[in-house]
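Structure assessment
Chain residues, written in single-letter form:
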Amino acid sequence: MIERPESAVASIAQRNLEGYVGFANLPNQVYRKSVKRGFEFTLMVVGESGLGKSTLINSLFLTDLYSKDYPGPSLRIKKTVQVEQSKVLVKEGGVQLTLTIVDTPGFGDAVDNSNCWQPVINYIDSKCEDFLNAESRVNRRLMPDNRVHCCLYFIAPSGHGLKPLDVEFMKRLHDKVNVIPLIAKADTLTPEECQLFKKQIMKEIQEHKIQIYEFPDTEDDEDSKLIRKIKMPLAVVGSNVVIEVNGKKVRGRQYPWGVAEVENGEHCDFTVLRNMLIRTHMQDLKDVTNNVHYENYRSRKLAAVTCNGGVDTSKTKNQMTRSPLAQMEEERREHVMKMKKMETEMEQVFEMKVKEKKQKLKDSEAELERRHEQMKKNLEAQYKELEEKKRHHEEEKSNWEAQQRILEQQKLEASKTMEKNKKKGKIF
Amino acid sequence: MAACGAEMHINPEMEVLWSEVKPSHSNMSAPPHPQPPTKGASHGAGDFSYVGIDAILEQMRRKAMKQGFELNIMIVGQSGLGKSTLMNTLFKSKVSRKSVVSTPEERIPKTIEIKSISHDIEEKGVRMKLTVIDTPGFGDHINNENCWQPIMKFINDQYEQYLQEEININRKKRIPDSRVHCCMYFIPPTGHCLRPLDVEFMSRLSKVVNIVPVIAKADTLTLEERDFFKQTIREGLRANGIDVYPQEEFDEDSDDRMINDKIREMIPFAVVGSDQEYQVNGKRLLGRKTKWGTIEVENIAHCEFAYLRDLLIRTHMQNIKDITSSIHYEVYRVRRLNETNAQPNGQPPNTLVNPQQANGVAAQHQVLTHEM
């Protein structure tokens, strides 16, 4: 039946069906599609080394993500905080889950831990940025979701309260990712100490206005009762070692005074964590990440890019279509400017080189001139010397000639007198 | 303050480990008559070869009982590692800072503070003045650079104070000893290896004071994890050249070395502290009660608290004090006196040309007798 437009706007009238239409099958279609597509989940674990993070991950997913051959980051000493991710594909009942575990070895281990949260923040932001870029692309067929959906923060079981490092970290990350604080190695606390500790932590969390991920009430009554009874933060014990207790095989930790069972609700809150994280609230975590944290990031990022000023939470259609284009324009202009700058820079460099070369040539020319002058001077000096010698020689020669002439004259005179004498002699 | 009236539960297994320890005057559980000498000569007034030199032990005992003992322990570690609880457990009375201070203070102070609290405790006629020096704020901040400096300054100040008293012209017959005899360093039970902060602190302080490292809250580690952790810590200490108590170089003879080797194989002790009593098998014992079992503090199958207590109090207390006064303090003293008399021709440190030298040699002997 076709509705009249006014009533359609005013209220959505409920109609009873007179036969089986079949759209009750919609959830099944969604289910089949999701199963085919597979699920993705990214879990980040943060905490000081030695708090049992790797063991807990192994216990949660019942596999040895960190085994003896591939030891976890905790066994290696790190100098700086690193962010390491490992991807695992797990299958169960036909449903496949791509699980990404992000570990932060080195967090809080150094003597000076200022800004040890920075690599973590950078990682989370970079994943959001990847998603933002993927979303803004033209072809969005394959959009891998690598955003961090949940961050488990491990609190050391001191029994007193939060450390300054814990407070700082959670304050900085509570608006970027779902933070779930956990009390690590909870088998160190007696039940009374545990209660006190939890109360103290929650008090401090409220004091510092940290927003942790609160598991929302589900429709299932039993679950919500359980949630209300067990207070946050959850006190967990991890183990993947199977021990026999009273004929039953359980996972736990063997002490000389007893066995602390991991899956026993009275011993620790591990089962609560596992149920909430995997069985009931995984989708909710992803939704909150997508709707709240990612949107916060996105609006912050885009408000910084466009010149609309301030943080704009209301997104109209125009803004959504303009900003990517504007961003592309911006990028193009930037690129052109960069090119121009490079060009001018290269020209400058070229000029400089030319000048240098010219200078060099001038220098060598001057050098050559100088040498030429020098050689000329040498030559002249030699010439003068030779002239001197020649003159000397000439003088000697003329002297010698003069002498010769005199001698000749004498000789002539002598011969003349001899002739005279001869003539005279003949007369005798 | 509080009198230590409770009978100390002596674990029979303890006798096996350190039975080689010769009875000395510091063994508080010794019966109140002189031990027979180990040499062949038997005691008894009618024996020709008996001179009676061994009766000096009895005289020393009586003098020591009259004078009383002093012990200064410093506890260092991050907050929440059970330091105060362990102190209370060690001395079976509320000696920690938290038990004494009634007003609630700020939990983590902005700078490291040194809080020293003294108690007079007594057992079987032997009086002891115990001073517990607490260091709240150590290692709790985000930036822990140089957090060891206030502690080193405090220790050196105590040495300085003693030195000033010693070189006084008119000095007291018995100089009050406020030097730190032993520093217990609490290592958090991560199960992996020593942290950079631990290494920094211990390498600096092992040169000025006796360090006894302990693994705090050891009920978090299973036995295999505990052994692995200890091994890693020992390797870490060796690799960084950190000499913790008992130091190898100060072993006096082979007996000492044997005993100390056994101890050295067990350090650091994995301890659990508790000041609450629970009923276990009909006996009231100190422990921690969890849903899966009760941890008995003095049961050596559970944790090594008994070994630590015996080391610190029953067998090696005098040795710790001796090493502090004859080695650590002497190092400080030599350095200090060299500083104040800077010789231009660079004489070796042992020959100090100053009017105090004669006093110095005599003072060394004086110091040892003071410790009795």
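Residues numbered from 1 in each chain as written. Chains lettered and ligands numbered in written order. Predicted model: local features only at pLDDT ≥ 70, side-chain atom pairs only at ≥ 80, totals over all residues. Heavy atoms only, no water.

Moving on, we get to the packing of helix α4 (residues 118-136) of chain A against helix α9 (residues 282-305) of chain A. Residue and element names in this part refer to chain A. Relative orientation of the contacting elements α4 and α9 amounts to 75 degrees, with a least axis distance of 10 Å. If you check the angle between α4 and α9, you find them roughly perpendicular. Across the interface between the two elements, Asp 125, Cys 128, Glu 129, Phe 131, Leu 132 and Glu 135 from α4 touch Tyr 294, Tyr 297, Arg 298 and Lys 301 from α9. The class makeup of the residues in the contact of α4 with α9 is five nonpolar, no polar and five charged. (Axes fitted to C-alpha atoms, helices over the stretch in contact; angles between N-to-C directions. Helix = DSSP H or I, 4+ residues; strand = E, 2+ residues; numbered from the N terminus. Parallel < 35°, antiparallel > 145°, perpendicular 65-115°, else oblique. Contact = heavy atoms within 4.5 Å. Nonpolar A, V, L, I, M, F, W, Y, C, P; charged D, E, K, R; others polar.)

The next thing to look at is the confidence of the model for chain B. Residues and elements named next belong to chain B. Averaged over chain B, the pLDDT score is 76; the fraction of residues at 70 or greater is 76%. For the stretch residues 1-44, pLDDT sits under 50, and the model shows 53 contacts to residues farther than four places along the chain or on other chains. Predicted confidence for residues 345-372 stays below pLDDT 50, and this span has 34 contacts to residues more than four positions away or in other chains. Interface confidence in the predicted complex, given as ipTM, is 0.71; pTM for the same model is 0.70. (pLDDT = per-residue confidence, 0-100.)

Here the focus is α9 of chain A. All names here are of chain A. Spanning 24 residues, α9 covers 33 Å between terminal C-alpha atoms, matching the ideal 34 Å at 1.5 Å per step. At Tyr 294, α9 shows its largest bend, some 35 degrees. Within α9 the residues assigned to the buried category are Met 282, Leu 285, Lys 286, Thr 289, His 293, Tyr 294, Tyr 297, Arg 298, Ser 299, Leu 302 and Ala 303. If you follow the buried residues of α9, they end up packed against β1 (39-46), β3 (95-103), α4, β4 (150-155) and α8 (270-280). (Expected span 1.5 Å × (residues − 1). Bend = angle between axes of the 7 residues up to and from the residue. Buried < 20%, exposed > 50% of the residue type's maximum accessible area, 1.4 Å probe, protein only.)

So, on to the pattern of salt bridges. With the rule as written, the count across this model stands at 35 salt bridges over all chains. Its salt-bridge partner being Glu 129 of chain A, residue Lys 301 of chain A comes within 3.5 Å of it at the nearest N-O pair. Taken together, the residues span a long stretch of sequence, with Lys 301 of chain A in helix α9 and Glu 129 of chain A in helix α4 at a distance of 172 residues. Through salt bridges with shared partners, a single network forms among Glu 298, Arg 309, Asp 310 and Arg 314 of chain B. (Salt bridge = Lys/Arg side-chain N within 4 Å of Asp/Glu carboxyl O.)

Turning our eyes to something else, we now look at the sheet that holds β3 of chain A. Residues and elements named next belong to chain A. Strand order in the open sheet made by the six strands is β2-β3-β1-β4-β5-β6, with mixed pairing throughout. The outermost strands of the open sheet, each flanked by one partner alone, are β2 (84-92) and β6 (234-235). As judged from the two bridges shared by strand β5 (residues 179-183) and β6, these two strands associate in the parallel manner. Opposite Ile 183, over in β6, you have Ala 235 as the bridge partner. Packed on one face of the sheet, α4 meets β1, β2 and β3 and runs near 165 degrees to β1. Those strands touched by helix α5 (residues 164-173) are β1, β4 and β5, and its axis lies near 170 degrees from that of β4. (Pairing = 2+ DSSP bridges.)

Moving on, we come to the sheet that holds strand β7 (residues 277-280) of chain B. Residues and elements named next belong to chain B. Taken together, three strands build an open sheet; the order of strands is β7-β8-β9 and the sheet is antiparallel. With partners counted over all chains shown, the strands left at the sheet margins are β7 and β9 (293-296), one partner each. Direction aside, the axes of adjacent strands within the sheet are offset by 65 degrees on average.

In this complex, chain A contributes 40 residues to the contact, which on the side of chain B involves 37 residues. The junction of chain A with chain B conceals about 3300 Å² of combined surface from both sides, 56% of it contributed by carbon and sulfur atoms. If you sort the residues of chain A by the area they bury against chain B, Val 111, His 160 and Trp 257 of chain A come out on top, with a joint share of 24%. Note that Glu 193 of chain A and Arg 288 of chain B form a salt bridge whose closest N and O atoms lie 2.9 Å from each other. Our count for the chain A to chain B interface comes out at 14 residue pairs in polar contact (both at pLDDT 80 or more). (Buried area = accessible area lost by both parts, 1.4 Å probe. Polar contact = N/O pair within 3.5 Å; in protein donor to acceptor, adjacent residues only side chain to side chain.)

Together, Arg 32, Lys 33, Lys 36 and Arg 37 of chain A make up a positively charged patch on the protein surface. Note that Lys 33 of chain A resides in helix α2 (residues 26-37). (Patch = residues over 30% accessible without salt bridge, like charges linked within 9 Å, V, L, I, M, F, W, Y side chains within 5 Å. Areas by Shrake-Rupley, 256 points an atom, 1.4 Å probe, with all protein chains shown as cover. Lys, Arg positive; Asp, Glu negative; His and termini not counted. Charge placed at Lys NZ, Arg CZ, Asp CG, Glu CD.)

Taken as a whole and judged by the stated rule, the model has twelve aromatic pairs over all chains. Relative to Tyr 294 of chain A, the ring of Phe 131 of chain A lies with its centre 5.1 Å away and its plane at 90 degrees, an arrangement referred to as edge-to-face. Linking Phe 131 of chain A in helix α4 with Tyr 294 of chain A in helix α9, this pair joins segments that are 163 residues apart in sequence. An identical accessibility class is assigned to Phe 131 of chain A and Tyr 294 of chain A; each is buried. Between Tyr 162 of chain B and Tyr 329 of chain B the ring centres are 5.2 Å apart and the planes differ by 85 degrees, which places this aromatic pair in the edge-to-face class. Within this pair, whereas Tyr 162 of chain B is found in helix α5 (residues 149-166), its partner Tyr 329 of chain B is found in helix α10 (residues 317-340), the two being separated by 167 residues in sequence. With respect to class, Tyr 162 of chain B is no different from Tyr 329 of chain B; both count as buried. (Phe/Tyr/Trp six-rings, centres within 6.5 Å; stacked < 30°, edge-to-face > 60°.)

Within this structure, the stated rule accounts for eight cavities of 30 Å³ or more. As a volume, the largest cavity reaches approximately 240 Å³. (1 Å grid on protein atoms, 1.4 Å probe; cavity = no way out; pocket = protein on both sides within 12 Å on 5 of 7 lines; lining within 4 Å. Points joined across faces, edges and corners; volume = space filled by probe spheres on them.)

Moving on: the side chain of His 174 of chain A. All names here are of chain A. Mapped onto the elements, His 174 comes out in the loop between α5 and β5. When its relative accessible area of 14% is taken as the criterion, His 174 is described as buried. Sequence-distant contacts of His 174, defined by excluding residues within four places in its chain, comprise Val 179, Lys 209, Ile 210, Gln 211 and His 293.

Moving on: the environment of Glu 193 of chain A. Following the sequence through the fold, Glu 193 of chain A ends up in helix α6 (residues 191-207). By relative accessible area, which is 30% here, Glu 193 of chain A ends up partly exposed. Expressed as a C-alpha distance, the spacing of Glu 193 of chain A and Ser 158 of chain A, which sit 35 residues apart in the sequence, is 9.8 Å. Those residues within four positions of Glu 193 of chain A in sequence are excluded, and the remaining contacts are Thr 188 of chain A together with Arg 288 of chain B. In terms of polar contacts, Glu 193 of chain A uses its side chain to reach the side chain of Arg 288 of chain B, at 2.9 Å.

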